[in-house]
Every structure is written in C-alpha cells, then in structure tokens.
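Structural characterization, general
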Amino acid sequence: MAPSSRSPSPRTKRLRRAQGEKEGGRSREREDERHDGRGREKRDSRDGEMGRERKRQGDTDRELGDKRRRSGREESGERKRDDERHSRARHERSTSPLDRSHRSSSRRSPERSIASRHDEESIERRGGEELNAEEDSVARMRAVEKALAAKKKEEPSFELSGKLAEDTNRYRGITLLFSEPPEARKPSERWRLYVFKDGEPLNEPLYLHRQSCYLFGRERRIADVPTDHPSCSKQHAVIQYREVEKEKPDGMMGKQVKPYIMDLGSTNKTYINENPIEPQRYYELFEKDTIKFGNSSREYVLLHENSAE
C-alpha cells in the first residue's frame, strides 16, 4: 500500500518558519553588507577626490603665497632702492624747507606721500639737470683754458734772431760776427797772453782778465787785440770765458770759469799748438797753449799769474 501523505505538524511548521526567517535574515545581511561595501567604496572615492581637491587647493594657496612673498620682497627691494636714491639725492643737494615740508606731509598721510614722491622725483630730475649743466660749464671752462694756453704758446716771440739780430749786434757802426753766450762770465784767475816773434818776447804781456771776451782781428775799431798781418781777417777769432761744470778732486761737481777760443770763419784759420781748429766752434784753452792767427809769425802763449816759469 502507498503511504498516505500527512500534513506537517504545527511544530514542524514553526521550525520551518523560523528556519526560513533565519535564511531571509542572512540574505538581507548579505545584501546589506554588499550595499555597505559599495557605499564605503563610494565614500573612499569621494574622500580621495576631496583630498585631491584639498591638496590642489593647498598647492595653489602655496603658489599664491610664494608669489605674494616674492612680490613683497621685490616691492621692499624697490622701496629700499628708492630710499637709497632719495638719500643720495638728499646728500648731493642741500635740503630746503620745501623738502622738509614734503617729507613731513608724506609721513602723515599716504596720499601726500604719493604726491611727495612725485615732487621728489621731479626735484631729483632737476638736480640731475643742474649737475649736468654744471659739468657742461666745467667742460666749457676747461676748453677755454686749453684754447688760451694754445694761444699763449702761439704768441709771437719778440727776441732778436736772424738778420735782425745781426743788424742790432753792432759796435761802433760795425756788425759783430758773434754774440756772447748766457754762460759768459769774467774769469777769477788773472790770465795773460805773452807775445813772441821768432822766439823772442815782444813788449809786455796782454792781460785778459778784465772782461768776459776778447776779439782778435784787423778791424781796430772793434778789435780788443789787433792783428795787423794781411792774412788775418777783420774779425778773426774771439777768446770767450764761460762758466761750466767741472768735477772736483773729491768727486763733487762744481762750477768754474774757463777760457775758450772760437774761429769766426776766418780765411786763413786759427791754430792751437800748430793745429788748425774748425770755425764757429768753442775749443777749451789750457795753460801754456800756443795760439797763432793766419800766416802771422807771432805766437801767443797763454799763462796766468800762478804759472811756473
């Protein structure tokens, strides 16, 4: 016989109902967990986005702060430079009551400070223009001084030279062929010329210490020592005393007046110790030198008062 189906008992129903409720609760919990996980993911993503936005905002804030700091530094540097310029301008030019009033007003109000800055800039410009004008005036004065100095250098010389000097260097109506040099001096030693002819002395010696030069020649109007031989020129030669530097025995340099002779371009020359000398040139004379003029047989021996016989 097939078993007959029986209806479940109330207890079984209760158990099944409780079991079903448990399974439903579990499924709900699972669904809730799934929903919670998705919500957390959404929250995390939102939090991440918000954090990124905050980070970006912070970066932009930092950049703005850095820019502000830089601009502030630049402004402060510009202010310092402006202050330095103003202080230099103040030191360069003298302070006036107007400048003081401008400074006091700039301290009191910002609007007045701006106006005073403009005024100071204009004053600074004026001061620079004044300095440039002063420099220009100084340069002009220097140029004028240079021009005056050049004119002084180019001024004509009124000293005698050339033919005019020859015409004015006259004595007793005769133009002299020489002029004394600046170093011409009278001798301190008593020089003398002893005259010999054919080895025999003639007359007294010629004293050559009373003046600074002695002219020899045939022109008696101007000659200090006449030489009448026909071979001698009118202005044959001159003995000139000159002050020159000389080394002393102790090695020091000193000045001494010495005798020199110069031929004045004579026709038959001048001789020292039988040697002819060149014209227009000084030759130093020493003690016991023998002088001859032209073809004359007379000899002139140079000595002084302390010479040994």
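Computed from a predicted structure; not experimentally measured.

**Description of the overall build of the chain**
Across its full length, the chain carries four helices and 14 strands. Taking all 309 residues of the chain together, 23% fall into the buried category. Expressed as a percentage of contacts within the chain between residues at least 6 apart in sequence, the contacts between residues at least 24 apart total 46%. Total accessible area on the chain is roughly 24400 Å²; 45% of this is exposed by carbon and sulfur atoms.

**Observations concerning the sheet that holds strand β7 (residues 225–226)**
By definition, the strands of a sheet pair up through backbone hydrogen bonds, in either a parallel or an antiparallel sense. A sheet is described by the order of its strands in space; here five strands give the open sequence β7-β6-β8-β9-β12, paired in mixed fashion. Only two strands of the sheet have a single neighbouring strand rather than two, namely β7 and β12 (282–284). Bridging between strand β8 (residues 237–247) and strand β9 (residues 253–263) involves 11 bridges; their strand directions are antiparallel. Residue pairing in the sheet places Q240 in a bridge with Y260 of β9.

**With respect to the pairing of β8**
Judged from the four bridges that link them, strand β6 (residues 213–217) and β8 form a sheet pairing that is antiparallel. Note that in β8 the partner of L215 across the bridge is V238. Here β8 hands over to β9 after five residues, with G251 in that stretch at a positive phi of 90°.

**What about the confidence of the model for the chain?**
Chain-level statistics for the chain give a pLDDT mean of 77 and a share of 70% at 70 or above. Taken as a whole, residues 157–166 scores under 50 in pLDDT and shows three contacts with residues more than four places along the chain or in a different chain.

**What about the nonpolar core?**
A general trend in soluble globular proteins is that nonpolar side chains are found buried together. Grouped together as the largest cluster of nonpolar side chains are 20 residues, with contacts concentrated most on L193, F216, I239, I261, L285, I291 and F293. Counting residues per element, the ones that place at least two in this core are β3 (191–197), β6, β8, β9, β13 (290–293) and β14 (298–304). For I291, the residues in contact, after removing those within four places along its chain, are L193, I239, I261, T270, Y271, L285, R298, E299 and Y300. In this structure, L176, F178, C213 and I222 belong to the second largest nonpolar core, which totals nine residues.

**Quick look at the pairing of β14**
The side chains of a regular strand alternate, residue by residue, between the two faces of the sheet. In terms of burial, β14 is a largely internal element, five of the seven residues being buried. Here seven bridges tie β3 to β14, and the two strands are oriented antiparallel to one another. Counterpart to L193 in the pairing with β14 is L302. Note that β13 and β14 share two bridges and pair antiparallel. Pairing of T290 across the sheet is with V301, part of β14.

**Observations regarding the pattern of salt bridges**
Tallied over the entire structure, the rule returns six salt bridges. Here E219 makes a salt bridge to R221, at a shortest N to O gap of 3.3 Å. Salt-bridge contacts for E278 lead to R281; the nearest nitrogen and oxygen are separated by 3.7 Å.

What counts and how
- Residues numbered from 1 in each chain as written.
- Predicted model: local features only at pLDDT ≥ 70, side-chain atom pairs only at ≥ 80, totals over all residues.
- Heavy atoms only, no water.
- Helix = DSSP H or I, 4+ residues; strand = E, 2+ residues; numbered from the N terminus.
- Buried < 20%, exposed > 50% of the residue type's maximum accessible area, 1.4 Å probe, protein only.
- Contact = heavy atoms within 4.5 Å.
- Areas by Shrake-Rupley, 256 points an atom, 1.4 Å probe, with all protein chains shown as cover.
- Pairing = 2+ DSSP bridges.
- pLDDT = per-residue confidence, 0-100.
- Core = buried A, V, L, I, M, F, W, Y, C linked by side-chain atoms within 4.5 Å.
- Salt bridge = Lys/Arg side-chain N within 4 Å of Asp/Glu carboxyl O.

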